[in-house]
Amino acid sequence: MAETQSPQPGEAPIAPAAEPPVKVFPGAVYECVRCGTRTTQEELSSLPEVKCICGYRVFRKVRPSVVKQIKAV
Ligand SMILES: [Zn+2]
């Protein structure tokens, strides 16, 4: 079997390496713009780098009580 190994989706570079880390604020909740996984500032700060479990590094701030509805597609 000559099965080619395709790169994992999460490994695709989405931004220059020189991009500064996502700024985090105490008590804030962040949502991955890719998979929608929510995490807290506390969790992010415990990681070596700001990164979602899916590998994406772009988060948007989520307000605890006021959830802003965005159009999906
Ligand atoms: Zn994610």
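Residues numbered from 1 in each chain as written. Predicted model: local features only at pLDDT ≥ 70, side-chain atom pairs only at ≥ 80, totals over all residues.

### Focus on the pairing of strand β1 (residues 29-32)
Each regular strand carries side chains that alternate between the two faces of the sheet.
Right, on to step 1. Where β1 lies against strand β2 (residues 38-40), three bridges are found, and the strand directions are antiparallel. Bridge pairing links Y30 to T39 in β2.
Right, on to step 2. The pairing of β1 with strand β3 (residues 59-62) spans four bridges and is classified as antiparallel. Residue E31 lies in a different strand from β3, and its bridge partner there is R60. (Pairing = 2+ DSSP bridges. Helix = DSSP H or I, 4+ residues; strand = E, 2+ residues; numbered from the N terminus.)

### Some points on the confidence of the model for the protein chain
Right, on to step 1. Of all residues in the protein chain, 58% attain a pLDDT of 70 or more, and the chain-wide mean is 76.
Right, on to step 2. Element-level mean pLDDT values for the protein chain span from 84 in helix α1 (residues 41-46) up to 92 in β1. (pLDDT = per-residue confidence, 0-100.)

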